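Chain by chain, the residues run as shown.
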Amino acid sequence: MSGYPPVAPSYKVPEEFLFLCMLHNIGAVNTTRAITIEEISKWTERETSEIQYNLSKLQELGYVLTIQESRADRFHVSPSGIRKVLTLYS
Amino acid sequence: MRICLLSWEFPPRIVGGIARHVFGLAKALVKKGHEVGVVTLDFPGTPDYEEIEGVKVYRSKTEVGHPNFLTWAFLFNHFLEKRLATANRDMNFDIIHIHDWLVAPAGIAFKHLLKKPLVCTMHSTEHGRSTLHGPDSYMIDGMEWWACYEADRAIVTSNSMQGEVCGHFHVPREKTDVVPNGIEVEKYDLEVDRWATRRRYGVGDNDKMILFIGRLVPQKGVEYLIRTASRIGWRFPEARFVIVGEGWMRSHLEWLANQTGQRWRINFTGFIPDSELVALTKGADVMVVPSVYEPFGIVALEAMAARVPVVASQVGGLAEVVEHDKTGVHVYPRSPDSIAWGVERVLSDQGYRDWLVKNAYETVTKRFSWQAIGEQTAEVYKKALKGDNS
């Protein structure tokens, strides 16, 4: 026994982070290009419930920003979210 | 010379070391009397065109996206090409210098279109970052090979990277040049309120601040540093860890920090701007660079310039930047025991710490100033323009 805490048996890129990457790659990176949940669903072929779940997690962490509108809220990746995405590829 | 630097990262779009490298190189080349245009991707709040300290910066918007990363990368290269065309109309470039595979398609296209030499800096390789796995990884590896193949000269930042690039991609050694990363040493000579900065990150005046700066990804080896928290905390109850940076591993690392039972002494700051980074580095008692793969390790240079002792893994270019027992302390990669030993060695002996810091500062000013790196890079451009492959 080394006395050190164990390394988790396996870890992989978290699901919400992969979702953030997709949101970034489709171009939702500023207020003018923010998109609705329905549009995200069309782009990514994901269920709206799954999208809502990921968006709320990412909003909490400050990686996604919301523009509230009467018809439907629109979402885009924040500057800190963009930096977070780029760490995967840099 | 009229030089085009092509990079997907440029301030304020800062992720790793490439943005700082390209900006530092661009400014050094301008100071030497060259005309420099940087063509890069946009970032919220930045203009399409601006001049910063004599560097002309052209930013490109990616108007069409795709959820798949590689498809997106090829799309942004198309929009980069459009911006490159505008920049070339303004500046009529003599040479194109690309940084990493992400901008290779645009750079290679322009090499053939303009019939101008192409220089490529390989900052790291997919093979080294993650070992090859799956179709995307093999494709990135192929793109890196392609960039080296098409380049008239390939720059690498360390002897270790030269071995990696020549060995893995079969690039002739005589086509490569080792030009290290540079640093603005004078940036670290500014007076800062060390104590106030430390307090902002929860570090008291009598605490020992152990600093990590980097992307929170496996290659940086942060988990091995976090696993030392109990041992170092037992030896130095006043030890505080400050982990600066972002990355997909952050939630895992925070989980690991909780497992140590020492979470209270570990502060994850996330991304912080450059101005604050200088003050924070100068406030540290020791900088740890626990990377498991590191082609260069610019963060070690930053600590050396800030007169902070460095404990660094003995890997890749990092082992060339830091000389054991002279300008820093080498430790074994992936070994919390070894990292803890290195930190304890530095924190427990003020005389030794002063000796390391003095040597490191001398080395960084002599070997790694941007003035020297700018001159070496300009020599590579001259070779490329002459078609000299020796």
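So, how was this worked out
Residues numbered from 1 in each chain as written. Chains lettered and ligands numbered in written order. Predicted model: local features only at pLDDT ≥ 70, side-chain atom pairs only at ≥ 80, totals over all residues. Heavy atoms only, no water. Helix = DSSP H or I, 4+ residues; strand = E, 2+ residues; numbered from the N terminus. Polar contact = N/O pair within 3.5 Å; in protein donor to acceptor, adjacent residues only side chain to side chain. Contact = heavy atoms within 4.5 Å. Buried area = accessible area lost by both parts, 1.4 Å probe. Salt bridge = Lys/Arg side-chain N within 4 Å of Asp/Glu carboxyl O. Nonpolar A, V, L, I, M, F, W, Y, C, P; charged D, E, K, R; others polar. Phe/Tyr/Trp six-rings, centres within 6.5 Å; stacked < 30°, edge-to-face > 60°. Buried < 20%, exposed > 50% of the residue type's maximum accessible area, 1.4 Å probe, protein only. Lys NZ or Arg CZ within 6 Å of the ring centre and 35° of its normal. Pairing = 2+ DSSP bridges. Axes fitted to C-alpha atoms, helices over the stretch in contact; angles between N-to-C directions. 1 Å grid on protein atoms, 1.4 Å probe; cavity = no way out; pocket = protein on both sides within 12 Å on 5 of 7 lines; lining within 4 Å. Points joined across faces, edges and corners; volume = space filled by probe spheres on them. Core = buried A, V, L, I, M, F, W, Y, C linked by side-chain atoms within 4.5 Å. Domains from an automatic or database assignment.

Trainee: How should I be thinking about the environment of Asp337(B) in this particular structure?
Mentor: All names here are of chain B. Inspection of the secondary structure assignment puts Asp337 in helix 14 (residues 336-347). Between the alpha carbons of Asp337 and His99 there is a distance of 36 Å; along the sequence they are 238 residues apart. At 3.2 Å, the side chain of Asp337 and the side chain of Arg231 are in polar contact.

Trainee: Sorry, what's going on with the interface of chain A and chain B here?
Mentor: Listed as interface residues are 27 residues of chain A and, on the opposing side, 42 residues of chain B. Taken together, the two surfaces of chain A and chain B that pack against each other cover about 3,200 Å², and 64% of this comes from carbon and sulfur. On the surface where chain A and chain B come into contact, there are one salt bridge. One salt bridge in this structure joins Glu246(B) and Lys84(A), with 3.1 Å as the shortest N-O distance. There are nine residue pairs in polar contact (both at pLDDT 80 or more) connecting chain A and chain B. Going through the elements one at a time, helix 1 (15-25) and helix 4 (79-89) of chain A are the ones with two or more residues in the side of chain A that touches chain B. For the side of chain A that touches chain B, the residue count by class is 19 nonpolar, four polar and four charged.

Trainee: What is the right way to read the packing of aromatic side chains from this model?
Mentor: By convention here, two paired aromatic rings are described through the distance between centres and the angle between planes. Residues and elements named next belong to chain B. As enumerated under the stated definition, the model contains nine aromatic pairs over all chains in all. Ring centres of Phe296 and Phe368 lie 6.1 Å apart, and the angle between their planes is 75°; this geometry places the pair in the edge-to-face category. Note that Phe296 is positioned in the loop between strand 12 (286-289) and helix 12 (298-305) and Phe368 in the loop between helix 15 (350-367) and helix 16 (370-386), a separation of 72 residues in sequence. Grouping residues by exposure puts Phe296 and Phe368 together as buried. The rings of Trp8, Phe69, Trp72, Phe76 and Trp101 are connected pair by pair, giving a single aromatic cluster. Over the ring of Trp8 we find Arg13, and its NZ or CZ is 5.4 Å from the ring centre. Across from the ring centre of Phe23, 4.1 Å away, lies the NZ or CZ of Lys27, which sits over that ring.

Trainee: Help me out: how do you make sense of the environment of Val36(B) in this one?
Mentor: Mapping Val36(B) onto the fold places it in strand 2 (residues 35-41). Residues Val36(B) and Cys4(B), 32 residues apart in the sequence, show an inter-C-alpha distance of 6.0 Å.

Trainee: Help me understand the sheet that holds strand 13 (residues 310-313) of chain B, please; the structure alone is not making it clear to me.
Mentor: Backbone-to-backbone hydrogen bonds join strands into a sheet, with any given pair of strands oriented parallel or antiparallel. Residues and elements named next belong to chain B. Spatially, 11-10-9-12-13-14 is the arrangement adopted by the six strands of the open sheet, whose pairing is parallel. A strand with exactly one partner marks an edge of an open sheet, and here the two such strands are strand 11 (266-270) and strand 14 (329-331). Each adjacent strand pair in this sheet contributes to an overall mean axis angle of 25°, direction not counted. Inspection of the sheet shows strand 12 paired to strand 13 by three bridges, in the parallel sense. The residue of strand 13 that forms the bridge with Val289 is Ala312. Together, strand 9 (208-213), strand 12 and strand 13 form the strand contacts of helix 12, whose direction differs from that of strand 12 by roughly 170°. Lying over the sheet, helix 14 contacts strand 9, strand 12, strand 13 and strand 14, oriented at roughly 165° with respect to strand 14.

Trainee: Please explain empty space enclosed by the protein as it appears in this structure.
Mentor: Unfilled space is identified by rolling a water-sized probe across the atoms. Following the criterion strictly, the structure yields three cavities of 30 Å³ or more and no others. Its boundaries defined by the atoms lining it, the largest cavity holds a volume of some 640 Å³. In this structure, the largest cavity is lined by 41 residues; those nearest its centre are Val15(B), Gly16(B), Gly17(B), Arg215(B) and Lys220(B). Those elements giving two or more residues to the lining of the largest cavity turn out to be helix 4 of chain A together with helix 1 (17-31), strand 9 and helix 12 of chain B.

Trainee: I would appreciate a short explanation of the pairing of strand 13 of chain B in the present structure.
Mentor: Look at any regular strand and the pattern is simple: side chains alternate between the two faces of the sheet. All names here are of chain B. Covered by surrounding structure in strand 13 are Val310 and Ala312 together with Val311 and Ser313, the residues of both alternating faces. Pairing of strand 13 with strand 14 involves three bridges; the strand directions are parallel. Within strand 14, the residue paired with Ser313 across the bridge is Val331.

Trainee: What am I meant to see in the nonpolar core here?
Mentor: In globular proteins that are soluble, nonpolar side chains generally tend to be buried together. Residues Leu23(A) and Ile210(B) are the most contacted members of the largest nonpolar core, which totals 97 residues. Per element, the largest residue contribution to this core is nine residues, and it comes from helix 2 (residues 69-91) of chain B. The residue makeup of this core includes at least three contributed by each of domain 1 (2-182 + 369-386) and domain 2 (185-367) of chain B. Apart from the residues lying within four places of it in its own chain, the contact partners of Ile210(B) are Leu225(B), Ile232(B), Ala239(B), Arg240(B), Phe241(B), Val242(B), Val286(B), Val288(B), Val343(B) and Leu347(B).

Trainee: Explanation requested: the domain arrangement of chain B in the structure shown.
Mentor: How large an interface is tends to be reported as the accessible area lost when its parts come together. Residue and element names in this part refer to chain B. Per the domain assignment, the segments of chain B are domain 1 (2-182 + 369-386) and domain 2 (185-367). The centre of domain 1, based on its C-alpha atoms, is set 29 Å off from the matching centre of domain 2. Residue-level contacts link 21 residues of domain 1 with 17 residues of domain 2. Around 1,500 Å² of area is buried between domain 1 and domain 2 when both sides are counted, 55% of it from carbon and sulfur atoms. Looking at the side of domain 1 facing domain 2, the largest losses of area belong to Arg20, Asn181 and Ser369, adding up to 32% of the total buried there. The interface formed by domain 1 and domain 2 contains one salt bridge. Among the salt bridges present, the one from Asp274 reaches Arg20, with a minimum N-O distance of 2.8 Å. Connecting domain 1 to domain 2 are six residue pairs in polar contact (both at pLDDT 80 or more). Elements that contribute at least two residues to the side of domain 1 that touches domain 2 include exactly helix 1, helix 4 (126-130) and helix 6 (159-169). Of all the elements, helix 6 adds the most residues to the side of domain 1 that touches domain 2, at four residues. Classifying every residue of the side of domain 1 that touches domain 2 by side-chain character gives five nonpolar, 13 polar and three charged.

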